[in-house]
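Chain by chain, the residues:
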Protein chains: 2
Amino acid sequence: MDLIDIIGIVAGILTSSSIVPQIVKTLKKKKATEVSVFMFIVMMTGNALWVYYGFDKSDVAIISTNFLALGLNITMLVLKYRYRS
Amino acid sequence: MDLIDIIGIVAGILTSSSIVPQIVKTLKKKKATEVSVFMFIVMMTGNALWVYYGFDKSDVAIISTNFLALGLNITMLVLKYRYRS
């Protein structure tokens, strides 16, 4: 793995990490955040398209970090459903 | 431009678009959202690293959509500063 691939993976972890505070907040408050389900579906569609794109380009950084983001978005969506009011 | 490049650009627009509702909400309420400045700096660092990665790989989809995301994050940060309480 080259340095540039590591840079790509770090980039993807940073851009995916914005969902983590929302997950933590929802778990603590046991109440879903204000972010809409629609927005999560938009983001998950984007992540899925990036994964497809990554496979076409054989790009490990894109594939791995968008799988991570997809997993985080699914977690958030499950929590939103669980803690719906 | 091939179909796969268009798929990449659509993917990037979808994953970047999550910031737009926050910008609209902040402009309407004239009050900054709860999302922390730290989180925006993390995301902008990620976007900047993706742009660097995109140039290295000569990847138009990554470069263009991360410039878009960077622009949206800067806009949100300016609004947060303007409407700080």
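Coordinates for the structure precede this section.
Quick caveat: nothing in here was measured; it's all calculated off a predicted structure.

A. Representation of the overall build of chain A within the structure. Looking only at helices and strands, chain A features four helices and zero strands. Element order for chain A, N to C, with α for helix and β for strand: α-α-α-α. For chain A, the spread of C-alpha atoms along the principal axes amounts to about 45 × 20 × 15 Å. A burial count over chain A gives 45% of its 85 residues as buried. Surface exposure of chain A reaches about 4,800 Å², of which carbon and sulfur atoms provide 68%.

B. The interface of chain A and chain B, seen in detail. In this assembly, 30 residues from chain A lie in contact with 30 residues from chain B. Overall, the association of chain A and chain B removes approximately 2,500 Å² of surface from exposure, summing both partners, and the carbon and sulfur fraction of that is 73%. The three residues of chain A that bury the most area against chain B are A:Ile4, A:Trp50 and A:Tyr53, which together make up 24% of that side's buried surface. The interface formed by chain A and chain B holds two salt bridges in total. Residue B:Asp5 is joined to A:Lys57 by a salt bridge in which the shortest nitrogen-to-oxygen separation is 3.2 Å.

C. Spotlight on the relation of the copies chain A and chain B. The transformation that overlays chain A on chain B combines an axial shift of 0.0 Å with a rotation of 180 degrees, and the residual RMSD is 0.0 Å. Interpreted geometrically, this transformation is the action of a two-fold axis. Of all interface residues in chain A, 100% are interface residues in chain B too; the two copies therefore contact each other through one and the same surface.

D. Inspection of a nonpolar patch on the surface at higher detail. All names here are of chain A. Together, Met1, Leu3, Ile6, Val10 and Val60 line one region of the surface with nonpolar side chains, adding up to about 510 Å² of accessible area. In terms of residue count, the dominant contributor to the nonpolar patch is helix α1 (residues 3-16) (three residues). Within the element layout of this structure, Met1 appears in the segment before α1.

E. Quick look at unusual backbone geometry. Residue and element names in this part refer to chain B. Phi at Lys30 is positive, roughly 50 degrees, even though this residue is not glycine. Residue class for Lys30 comes out exposed when judged on its relative accessible area of 55%. Within the chain, Ser58 stands out as a residue other than glycine whose phi angle is a positive 50 degrees. With respect to the helices and strands, the residue Ser58 is situated in the loop between α3 (37-57) and α4 (60-82).

F. Here's a closer look at the packing of helix α2 (residues 20-29) of chain A against helix α4 (residues 60-82) of chain A. All names here are of chain A. As a packed pair, α2 and α4 sit with axes 10 Å apart at the nearest point and diverge in direction by 25 degrees. For the element pair α2 / α4, the angle class is roughly parallel. Along this stretch, α2 crosses α4, giving a crossing that reads as left-handed. Between α2 and α4, the contacting residues are Val20, Gln22, Ile23, Thr26 and Leu27 on the first element and Leu72, Thr75, Met76 and Leu79 on the second. Looking at the contact of α2 with α4 residue by residue, the classes come out as six nonpolar, three polar and no charged.

G. Fine view of the packing of aromatic side chains. Taken as a whole and assessed by the stated rule, the structure comprises two aromatic pairs over all chains. With 5.4 Å between their ring centres and 80 degrees between their planes, B:Trp50 and B:Tyr53 make a pair best called edge-to-face. Of this pair, B:Trp50 and B:Tyr53 both sit in helix α3, three residues apart, which is roughly one turn of the helix. Looking at B:Trp50, the relative accessible area reads 7%, which means it is buried. Directly above the aromatic system of A:Tyr81 lies the positively charged group of A:Arg84, at a separation of 4.3 Å from the ring centroid.

H. α3(B), seen in detail. In this model, α3(B) (21 residues) spans 30 Å end to end at C-alpha, consistent with the 30 Å of a helix rising 1.5 Å per residue. Residues of α3(B) that are buried sit in contact with α1, α2 and α4 of chain A together with α2 (20-29) and α4 of chain B. B:Ser58 sits one or two residues past α3(B) and shows a positive phi near 50 degrees.

Reading guide: rules and limits
Residues numbered from 1 in each chain as written. Chains lettered and ligands numbered in written order. Predicted model: local features only at pLDDT ≥ 70, side-chain atom pairs only at ≥ 80, totals over all residues. Heavy atoms only, no water. Helix = DSSP H or I, 4+ residues; strand = E, 2+ residues; numbered from the N terminus. Buried < 20%, exposed > 50% of the residue type's maximum accessible area, 1.4 Å probe, protein only. Areas by Shrake-Rupley, 256 points an atom, 1.4 Å probe, with all protein chains shown as cover. Contact = heavy atoms within 4.5 Å. Buried area = accessible area lost by both parts, 1.4 Å probe. Salt bridge = Lys/Arg side-chain N within 4 Å of Asp/Glu carboxyl O. Least-squares fit on C-alpha atoms with pLDDT ≥ 70 in both. Patch = residues over 30% accessible without salt bridge, like charges linked within 9 Å, V, L, I, M, F, W, Y side chains within 5 Å. Axes fitted to C-alpha atoms, helices over the stretch in contact; angles between N-to-C directions. Parallel < 35°, antiparallel > 145°, perpendicular 65-115°, else oblique. Left-handed = near helix turned anticlockwise from the far one by under 90°. Nonpolar A, V, L, I, M, F, W, Y, C, P; charged D, E, K, R; others polar. Phe/Tyr/Trp six-rings, centres within 6.5 Å; stacked < 30°, edge-to-face > 60°. Lys NZ or Arg CZ within 6 Å of the ring centre and 35° of its normal. Expected span 1.5 Å × (residues − 1).

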